[in-house]
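These are the residues of each chain, in order.
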Amino acid sequence: MKKFFKRLFLLLMIVIIAAVVWFFKDGIDKANEFESRQPLSALVDTVRSNPQYVPYDQVSPTLYQATIAIEDARYYQHGAVDIKALIRAAASQFISSIPRSGGSTIAMQVVKNLYRQYDGTAVWKAAEIVLAHRLCEMYTKDEILALYVNIINYGDGYHGIDAASHGYYGVEPSQLTQGQATILAGIPQSPGYFQLSDHYDNARAKQKLVLDAMVRNKMIDQAQADAIYQEPNEPTVLDYSWSTASVFDHGFYGGIRLVDVVL
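Visitor: Kindly report on the side chain of Asp162, identifying the contributing residues and their values.
Guide: Here Asp162 shows up in helix H8 (residues 161–169). Within the buried set, Asp162 has no salt-bridge partner at all; the shortest N-O distance to an opposite charge, 15 Å, is to Arg48.

Visitor: Lay out helix H3 (residues 61–71) with the relevant residues and their values.
Guide: Two residues of an α-helix separated by three or four positions point the same way, owing to the 3.6 residues in each turn. Among the 11 residues in H3, 9 count as buried, and that is most of the element. Those residues of H3 that sit buried are Thr62, Leu63, Tyr64, Ala66, Thr67, Ile68, Ala69, Ile70 and Glu71.

Visitor: So, the nonpolar core: which residues are in play, and what are the values?
Guide: Within the largest apolar cluster, 66 residues are counted, with the highest numbers of intra-cluster contacts made by Ile161 and Leu184. Ignoring sequence-local partners within four residues, the contact set of Leu184 consists of Leu63, Tyr154, Ile161, Tyr168, Tyr169, Leu176 and Leu196.

Visitor: Explain the environment of Tyr75 to me, using residue names and the numbers behind them.
Guide: Tracing the chain through its elements places Tyr75 in the loop between H3 and helix H4 (83–92). Each C-alpha atom of the pair Tyr75 and Ile106 lies 7.4 Å from the other, and the pair is 31 residues apart in sequence. With residues near it in sequence (within four places) discarded, Tyr75 still touches Ile68, Ile106, Lys141, Ile144 and Leu145. Among the polar contacts listed, one links the side chain of Tyr75 to the backbone oxygen of Lys141, at a separation of 2.6 Å.

Visitor: Any chance you could break down the pattern of salt bridges for me, citing the residues and the numbers?
Guide: Tallying each qualifying case throughout the model produces 7 salt bridges. In this structure, Glu143 and Arg48 form a salt bridge, with 3.5 Å as the shortest nitrogen-oxygen distance. Linking Glu143 in helix H7 (residues 141–151) with Arg48 in helix H2 (residues 40–49), this pair joins segments that are 95 residues apart in sequence. Here Asp212 and Lys208 are joined by a salt bridge, their closest N and O atoms 3.1 Å apart. Within this pair, Asp212 and its partner Lys208 are both found in helix H11 (residues 200–216), separated by 4 residues, close to a single helical turn.

Visitor: Describe a nonpolar patch on the surface, with residues and values.
Guide: Where nonpolar side chains cluster on the molecular surface, the patch consists of Ile83, Leu86 and Ile87 and spans about 270 Å² of accessible area. One can find Leu86 in helix H4. We classify Leu86 as partly exposed; its relative accessible area is 30%.

Visitor: Tell me about the packing of H3 against H7, and please be specific about residues and values.
Guide: Orientation of H3 relative to H7, taken along the N-to-C sense of each, is 90°, at an axis distance of 11 Å. When the interaxial angle is binned, H3 and H7 end up roughly perpendicular. Between H3, through Leu63, Tyr64, Thr67, Ile68 and Glu71, and H7, the contact on the second element is made entirely by Leu145, Ala146, Tyr148 and Val149. Among the residues forming the contact of H3 with H7, the class breakdown is 7 nonpolar, 1 polar and 1 charged.

Visitor: Provide a residue-level description of H8, including the pertinent values.
Guide: Along H8, 9 of the 9 residues are buried, which leaves the element largely enclosed by surrounding structure. Those residues of H8 that fall on the buried side of the exposure criterion are Ile161, Asp162, Ala163, Ala164, Ser165, His166, Gly167, Tyr168 and Tyr169. Lining the buried residues of H8 we find H3, H7 and helix H9 (178–185). Positive backbone phi, approximately 70°, marks Gly170, located one or two places after H8.

Visitor: Before we move on, could you go through unusual backbone geometry and cite the residues and values that matter?
Guide: With a phi close to 55°, Arg116 is a non-glycine residue in the positive phi region. Within the secondary structure, Arg116 sits in the loop between helix H5 (106–115) and helix H6 (122–138). Using a relative accessible area of 38% as the deciding quantity, one classes Arg116 as partly exposed. Although it is not a glycine, Asp156 adopts a positive phi angle of roughly 55°. Turning to its location among the elements, Asp156 is positioned in the loop between H7 and H8. Using a relative accessible area of 10% as the deciding quantity, one classes Asp156 as buried.

Calculation notes
- Residues numbered from 1 in each chain as written.
- Predicted model: local features only at pLDDT ≥ 70, side-chain atom pairs only at ≥ 80, totals over all residues.
- Heavy atoms only, no water.
- Helix = DSSP H or I, 4+ residues; strand = E, 2+ residues; numbered from the N terminus.
- Buried < 20%, exposed > 50% of the residue type's maximum accessible area, 1.4 Å probe, protein only.
- Lys, Arg positive; Asp, Glu negative; His and termini not counted.
- Salt bridge = Lys/Arg side-chain N within 4 Å of Asp/Glu carboxyl O.
- Core = buried A, V, L, I, M, F, W, Y, C linked by side-chain atoms within 4.5 Å.
- Contact = heavy atoms within 4.5 Å.
- Polar contact = N/O pair within 3.5 Å; in protein donor to acceptor, adjacent residues only side chain to side chain.
- Patch = residues over 30% accessible without salt bridge, like charges linked within 9 Å, V, L, I, M, F, W, Y side chains within 5 Å.
- Areas by Shrake-Rupley, 256 points an atom, 1.4 Å probe, with all protein chains shown as cover.
- Axes fitted to C-alpha atoms, helices over the stretch in contact; angles between N-to-C directions.
- Parallel < 35°, antiparallel > 145°, perpendicular 65-115°, else oblique.
- Nonpolar A, V, L, I, M, F, W, Y, C, P; charged D, E, K, R; others polar.

Structure representation (structure tokens):
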């Protein structure tokens with residue numbers, strides 16, 4: 001009986017190893033296919049060359065903190081992939097006591113949005129991991145974080161923090177208040193559900209989760225979180241000249257149209 005279980009265990013290990021090898025072989029092939037058509041560095045250069053691109057040091061630091069807290073809490077501690085987050089995300093699909101979560105890192109989300117791949121197939125997920133690894137080899141964590149806030153969907157047709165800051169509040173990204181920055185940081189997980197024009201209450205509930213995450217990760221204390229939550233942050237202008245239609249008319253990101261992403 002012991003020999004039987006040993007052989008069964010060995011067989012399972014062989015199957016698992018073979019599956020992992022197949023997974024990443026297909027991922028590398030698919031990543032190479034995408035890069036042969038559109039090199040990752042060329043896509044990044046396109047984003048950075050746009051007049052609406054906002055450099056890292058010209059964005060509210062609170063937006064970065066809030067984004068990391070809610071999207072990728074261990075951002076500066078892992079590489080392209082957060083193994084712990086992937087395990088937690090997988091477990092959350094089967095264990096009800098674990099809050100549902102995604103395993104995508106910020107680097108993986110940047111790749112997903114640059115290539116506009118939202119199908120979620122196993123082959124693309126493997127390619128996404130490979131491409132995220134390549135991204136992390138070429139750029140610093142701060143540079144990747146800046147890319148993220150410049151291309152992500154903040155609802156109401158505002159793609160990128162420059163459009164969102166001006167469209168919702170009529171200010172530069174560096175001038176966002178803590179209340180404004182923390183409510184914006186929660187929108188990308190489901191832009192259509194959290195956009196401020198018609199789902200402000202949803203966004204406020206999400207902002208509370210963002211602030212809770214910031215407290216949990218020791219970025220702020222509870223008193224600061226409570227004070228930030230009381231700050232006014234309803235849209236002051238809703239200027240749709242900054243929305244997708246007008247932005248993409250000017251060739252924003254080479255005409256790429258980004259869509260809502262479920263992470």
